[in-house]
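Observations on the three-dimensional arrangement
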Amino acid sequence: GLDYGKTYSYRVGDTALGTYSPIYTFTTRPQTVSNFSFIYTADTQPEQGDKKGYVGMNALFNKALSVAPNAPFFVSGGDFVYSSDGGGDTISVWRNMINGCNNMNSNTSIFAEHPWSIADGNPDGGYVQRFFNNTVGVAGKSCFSYEYGDLHIAVLDSGKNGVVSDQTNLLQSD
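The structure presented is a predicted model; accordingly, all values stated were derived computationally and were not measured. The residue numbers shown here count from 1 along each chain, following its written sequence. Predicted model: local features are reported for residues with pLDDT of at least 70 only, side-chain atom pairs are reported and counted for 80 or more only, and whole-chain, interface and lining totals are derived from all residues. Remark: hydrogens and water are excluded; side-chain values derive from all non-hydrogen atoms of the structure.

1. A few points about the overall build of the protein chain
- Put simply, DSSP H or I for four residues or longer makes a helix, DSSP E for two residues or longer makes a strand, and each gets a number counted from the N terminus. Helix and strand counts for the protein chain come out as 5 helices and 9 strands.
- Each helix (α) and strand (β) of the protein chain, taken in turn from the N terminus, gives the series β-β-β-β-β-α-β-α-α-β-α-β-β-α.
- Residues classed as buried in the protein chain amount to 38% of the 174 residues present.
- Here, two residues are considered to be in contact whenever any of their heavy atoms come within 4.5 Å of each other. Of the contacts formed within the protein chain by residues at least 6 apart in sequence, a portion of 58% connects residues at least 24 apart. Three labels apply to residues, based on accessible area from a 1.4 Å probe with only protein chains included: buried if under 20% of the type maximum, exposed if over 50%, partly exposed otherwise in between.

Here's what the structure looks like:
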């Protein structure tokens, strides 16, 4: 496993294509956590059809980081992109969103610099689990829970049929 309070480096890529991201770092939480703030967002997608217009989303994330610069993570209620509007390649839409949201201080993707917990919103086309695979908690559905210090976070998914009993079981077992 990972050690508390340690900084790790990583990169992602495709060995078959020989393409790799830059090297990024993240630091795990300290063993003891107290007095912290995290950032919550939801429905941050741009106007429908505006596949490259992540200016507003980027401004929102940077404003949140200016208010809570030491926030250890983001939680999102989903609805990052419009993938169901029939206007293009969904993978490209997600790549544009991830590449379009940069920390104004480091010019590095906010998604590479900060841990995210994301619910799979109904317009997101199921791609949340593809890009942020930390969201699968119950039988492949995007409801999950975790703890950070004394805080317990449960993310539920009311947008999918057949998950109510799974979510009830998750909450009861937490």
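There's more to say after this.
2. Quick word on the nonpolar core
- Within the largest apolar cluster, 21 residues are counted, with the highest numbers of intra-cluster contacts made by Phe61, Phe80, Met97, Phe111 and Trp116.
- Of all the secondary structure elements, the ones that give two or more residues to this core are α1 (55-67), α2 (90-100), α3 (110-113) and β7 (116-118).
- In terms of nonpolar packing, the next biggest core, distinct from the first, is built from 8 residues, Val33, Phe73, Ala119 and Val155 among them. Nonpolar cores are built from buried Ala, Val, Leu, Ile, Met, Phe, Trp, Tyr and Cys residues. Side-chain atoms within 4.5 Å join them into one set.

3. Observations regarding α1
- Helices are assigned an expected span. That span is 1.5 Å times one less than the residue count. Between its first and last C-alpha, α1 extends 18 Å over 13 residues, near the 18 Å set by a 1.5 Å rise per residue.
- Inspection of α1 places Met57, Asn58, Phe61, Asn62, Ala64 and Leu65 among the buried residues, and these make up the whole buried set. Looking straight down α1, one finds that the buried residues subtend no more than 155° of arc, so they occupy a single side. When the buried face of α1 is taken as reference, the exposed residues oriented beyond 90 degrees from it are Val55, Lys63 and Val67. Throughout, the arc means the angular range of directions from the helix axis out to the C-beta atoms.

4. Remarks on the pairing of strand β8 (residues 144-148)
- Strands were regarded as paired on the criterion that DSSP finds at least two bridges between them. Pairing geometry for β8 and strand β9 (residues 151-155), over 5 bridges, is antiparallel. Residue Tyr146 lies in a different strand from β9, and its bridge partner there is Ile153.
- Hairpin connection, β8 to β9: the antiparallel pair is bridged by 2 residues, and Gly149 has positive phi, about 60°.

5. Details of the sheet that holds strand β5 (residues 39-41)
- With respect to topology, 3 strands assemble into an open sheet ordered β5-β6-β7, the strand pairing being parallel. Only two strands of the sheet have a single neighbouring strand rather than two, namely β5 and β7. Across the sheet, the mean angle from the axis of one strand to that of its neighbour is 15°, orientation sign disregarded.
- As judged from the 3 bridges shared by β5 and strand β6 (residues 74-76), these two strands associate in the parallel manner. Looking across to β6, one finds that Tyr40 is bridged to Val75.
- The axes are straight lines fitted to the C-alpha atoms, using for helices just the contacting stretch, and the angles between their N-to-C directions are given from 0 to 180°. Sheet strands in contact with α1 are β5, β6 and β7, and its direction is about 155° off that of β5.

6. Quick word on unusual backbone geometry
- Positive phi, close to 50°, is recorded for Asn35, a residue that is not glycine.
- Since its relative accessible area comes to 81%, Asn35 is described here as exposed.
- Non-glycine residue Asp43 carries a positive phi angle of around 50°.

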